[in-house]
Amino acid sequence: MDVSPVRVRIAPSPTGNLHVGTARTALFNYLFAQHAKHTGHGEATFILRIEDTDLDRSEAQYVDDIYEGLRLLGLQWDEGPDIGGPYAPYVQSERGEFYQRYAERLLEKGLAYYCYKTQAELDAEKERAVAEKRPYLYERVQWTAAELDAFKLDPNRKPSIRFRVPENRGSILLDDLVRGEVPFDASLIGDFVLMKSNGTPAYNFACVVDDITMVISHVIRGEDHISNTPKQILIYEALAAKLPAFAHVSMILAPDRSKLSKRYGATAVAEFIRQGYLPEAFANFMTLLGWSSPEGTEIASLETFARQFTLDRIAHSPAVFDQEKLNWLNGMYIRQMPLAELRAHAERYLRSVDLSRYDIPMVEFILDSVREPLTTLSQLPEAVSYFGSAPLDRSHPDCVAVFAETETASILKAFEETVFPTLNWESPETLGLAIKAFANSLKPLKMKTVMWAIRAAVSGRVHGADLSRILFILGPELVKERLLG
Ligand code: GLU
């Protein structure tokens, strides 16, 4: 039985904002490590590694976005660029000496070689393959010593280092923890680049060198990398290194089963948060994108999910991004979240409404009063607008309709003159009783007619928070002002 400590990693490339697919992969790695911790597997470590070997496309702002997004989702890493760790550095652009050293090892053993072909020669090879309607395979050549000497002096022939794919290797068998046994035919793999001519490593090489040197036990990543895996296995074999366990997780698809792309709206984690999804709800949602709880749990903290999390419950088929489900979950979280936490999350959405006249407990009471029908926090400004200090907007058609009713003016006049001076402002309940008694006293007028008249007057609409709460929150001064006009 394998008893080596669990060490997993998320290895994003900072070439864009943290994508949902990467975040979901990070989450699965995190849950897997947490599960190992919970089940007494001893130490389990979740590592963040920044794969920025593509220097042209990598940007510092995306590194920050990756940090921020992962933290927001509650996925704190144990080792990483910002916090260090025993296998630092955790940024590929700072690990050049590792790649160099491992490349030299392969060169010495003849398992890799310098390739002096120019781009034009490689392109010509590919074109020939296309013309002859056969799959392209890099054409290995045995250069003579004289040729090599000439190449070395030619400034147009900066060499790359290529891996020498062993002849007659036959089938490379990937034993994947999600997909089972996946065979690849080694004869279809041409000698591939390990180190580019500019001295930077190719992805497959950097990834394997890092996974070996960081003692990664399980490589859990997106299925889009499965075609890289046979090449990576060959590199492990050449370096006589122990293979990690592999688990390739299915893709996340848009509802029409195409690739999840901008066309369907947000794809970056930060964008979903900006749209008013709670990080907790979003993490919960992503946990269920391609994994299911053995107990059927739909709503739980990451800690609870971590206790249940095993790789055998990862789905084989792609996960479809279900916006309705996300909305439903987010609504549940908004309704159930402790108010202090909800207020902290709500702050950034409430900047457009002036609630400065209320103290913190009252702001929380306002949130509690309006949260029931919400699906996202971006609906908050609209939901709380009538509690703000700005003049009340009475242009909503429902409100206009109420004021067009003949009874409205007299209902409001009676309420203001006879009930208002006697109101007990101690609690919403005392106010509620008085309103009800007033409405009953106006029979045969309908309860709804009376309520809507008062509602429209104090809030500019006929739906929203409970009426007695609205009065309680606004307080006598504002209520009187609004009843009068
Ligand atoms: N840098 C790769 C990516 O962002 C990660 C590949 C891996 O996990 O091995 O997709």
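Everything numeric here is computed off the predicted structure, so don't read it as measured data.

K.L.:
Help me out: how do you make sense of the site of the ligand in this one?
P.N.:
Near the ligand the following residues occur: Arg9, Ala11, Pro12, Ser13, Glu51, Tyr203, Cys207, Arg221 and His225. Separating a nitrogen atom of the ligand from a side-chain N or O atom of Glu51 is a distance of 2.6 Å. When the ligand sits alone it has 300 Å² of accessible area, and the protein chains cover 81% of it. Put simply, the ligand lies in the largest pocket. Partitioned by chemical class, the residues of the shell around the ligand number 4 nonpolar, 2 polar and 3 charged.

K.L.:
Just checking my understanding: could you explain the pattern of salt bridges for this structure?
P.N.:
Opposite charge on two side chains allows them to pair when their charged atoms are near. Applying the stated criterion across every chain yields a total of 28 salt bridges. The salt bridge involving Asp82 is made with Arg71; its shortest N-O contact spans 2.6 Å. A residue pair is termed long-range when its members are at least 10 positions apart, and Asp82 in the loop between helix 2 (60-72) and helix 3 (96-108) and Arg71 in helix 2 qualify at 11 residues. Here Lys480 makes a salt bridge to Glu416, at a shortest N to O gap of 3.4 Å. Placement of the pair is Lys480 in helix 19 (residues 467-484) and Glu416 in helix 16 (residues 406-419), with a sequence separation of 64 residues. What makes Lys480 partly exposed here is its relative accessible area of 34%.

K.L.:
Help me understand the packing of aromatic side chains in this model?
P.N.:
Pairs of aromatic rings are described using the distance from one ring centre to the other and the angle between the two planes. Within the structure shown, the criterion is met by 18 aromatic pairs. Measuring from centroid to centroid gives 6.2 Å for Tyr116 and Trp143, while their planes differ by 80 degrees, and the two rings are edge-to-face. Of this pair, Tyr116 sits in the loop between strand 3 (112-115) and helix 4 (119-131) while Trp143 sits in the loop between helix 4 and helix 5 (145-153), and the two are 27 residues apart along the sequence. Aromatic rings pair up to connect Phe272, Tyr277, Phe282, Phe285 and Phe321 into one cluster. Positioned over the ring face of Tyr102 is Arg105, at 4.5 Å from the centre of the ring. Above the face of the Tyr138 ring, Arg162 is positioned so that its terminal group lies 3.8 Å from the ring centre.

K.L.:
Just checking my understanding: could you explain the nonpolar core for this structure?
P.N.:
Soluble globular proteins tend to bury their nonpolar side chains together. Of all hydrophobic cores here, the largest spans 104 residues; its most connected members are Phe282, Phe321 and Phe387. Looking at this core element by element, the count peaks at 10 residues for helix 1 (residues 20-38). In this view, Phe321 contacts Val20, Ile252, Leu253, Pro255, Leu260, Phe272, Phe282, Phe285, Leu289 and Leu326; residues no more than four positions away in its chain are not counted.

K.L.:
Help me out: how do you make sense of unusual backbone geometry in this one?
P.N.:
Residues apart from glycine generally show negative phi values, whereas peptide bonds are mostly found in trans. Residue Pro89 is bonded to the preceding Ala88 through a cis peptide linkage, with omega at -5 degrees. Examined against the element boundaries, Pro89 turns out to sit in the loop between helix 2 and helix 3. Residues Lys443 and Pro444 are joined by a peptide bond in cis, for which omega reads 10 degrees. Among the structural elements, Pro444 can be located in the loop between helix 17 (428-441) and helix 18 (447-459). The phi angle at Val215 is positive, at roughly 55 degrees, despite the residue not being glycine. With respect to the helices and strands, the residue Val215 is situated in the loop between helix 6 (203-213) and strand 8 (218-222). Given the relative accessible area of 42%, Val215 is considered partly exposed.

K.L.:
What's the story with the pairing of strand 1 (residues 6-10) in this structure? I'm lost.
P.N.:
Walk down a regular strand and you will see the side chains alternate between the two sheet faces. When you tally the buried positions in strand 1, you get 5 out of 5 residues, the bulk of the element. Residues Val6, Val8 and Ile10 point to one face of strand 1 and Arg7 and Arg9 to the other, with burial holding for every one of them. Relative to strand 2 (residues 44-48), strand 1 runs parallel, the two sharing 5 bridges. Considered in strand 2, the bridge of Ile10 is made with Leu48.

K.L.:
Please explain the environment of His463 as it appears in this structure.
P.N.:
Within the fold, His463 resides in the loop between helix 18 and helix 19. Sequence separation of His463 and Ala383 is 80 residues, and the distance between their C-alpha atoms is 9.8 Å.

K.L.:
Whenever I open this one, empty space enclosed by the protein confuses me. Can you help?
P.N.:
The rolling of a water-molecule-sized probe over the atoms marks out the regions of remaining empty space. Taken as a whole and assessed by the stated rule, the structure comprises 1 cavity of 30 Å³ or more. Taken as a whole, the largest cavity spans an internal volume of roughly 40 Å³. Along its surface, the largest cavity is lined by Leu18, Asp65, Glu68, Gly69, Leu72, Val269, Ala270 and Ile273. For the lining of the largest cavity, the secondary-structure elements that each account for two or more residues are helix 2 and helix 8 (269-274). Considering each element in turn, the lining of the largest cavity owes the most residues, 4 residues, to helix 2. Along the lines of polarity and charge, the residues of the lining of the largest cavity split into 5 nonpolar, 1 polar and 2 charged.

K.L.:
Can you help me understand helix 9 (residues 279-287) in this one?
P.N.:
Side chains that are three or four residues apart share a direction in an α-helix, a result of its 3.6 residues per turn. Buried residues dominate helix 9, accounting for 8 of its 9 residues. By the burial criterion, the buried members of helix 9 are Pro279, Ala281, Phe282, Ala283, Asn284, Phe285, Met286 and Thr287. The elements touched by buried residues of helix 9 are helix 1, helix 2, helix 8, helix 10 (302-308), helix 11 (323-336) and helix 12 (339-346).

K.L.:
I tried to follow the layout of surface pockets on my own but got confused; where do I start?
P.N.:
A volume near 1100 Å³ is recorded for the largest pocket. Considering the residues around the largest pocket, the lining is formed by 39 residues, among which Ser13, His19, Thr22, Asp224 and His225 are closest to the centre. Examining the composition of the lining of the largest pocket, we find that 4 residues originate from one element, helix 1, more than from any other. Taken together, the residues of the lining of the largest pocket sort by class into 14 nonpolar, 15 polar and 10 charged.

Definitions and cut-offs
Residues numbered from 1 in each chain as written. Predicted model: local features only at pLDDT ≥ 70, side-chain atom pairs only at ≥ 80, totals over all residues. Heavy atoms only, no water. Near = heavy atom within 4 Å. Polar contact = N/O pair within 3.5 Å; in protein donor to acceptor, adjacent residues only side chain to side chain. Areas by Shrake-Rupley, 256 points an atom, 1.4 Å probe, with all protein chains shown as cover. 1 Å grid on protein atoms, 1.4 Å probe; cavity = no way out; pocket = protein on both sides within 12 Å on 5 of 7 lines; lining within 4 Å. Sits in = over half its atoms within 2 Å of the grid points. Nonpolar A, V, L, I, M, F, W, Y, C, P; charged D, E, K, R; others polar. Salt bridge = Lys/Arg side-chain N within 4 Å of Asp/Glu carboxyl O. Helix = DSSP H or I, 4+ residues; strand = E, 2+ residues; numbered from the N terminus. Buried < 20%, exposed > 50% of the residue type's maximum accessible area, 1.4 Å probe, protein only. Phe/Tyr/Trp six-rings, centres within 6.5 Å; stacked < 30°, edge-to-face > 60°. Lys NZ or Arg CZ within 6 Å of the ring centre and 35° of its normal. Core = buried A, V, L, I, M, F, W, Y, C linked by side-chain atoms within 4.5 Å. Contact = heavy atoms within 4.5 Å. Pairing = 2+ DSSP bridges. Points joined across faces, edges and corners; volume = space filled by probe spheres on them.

Nothing here speaks to function; it is all geometry.
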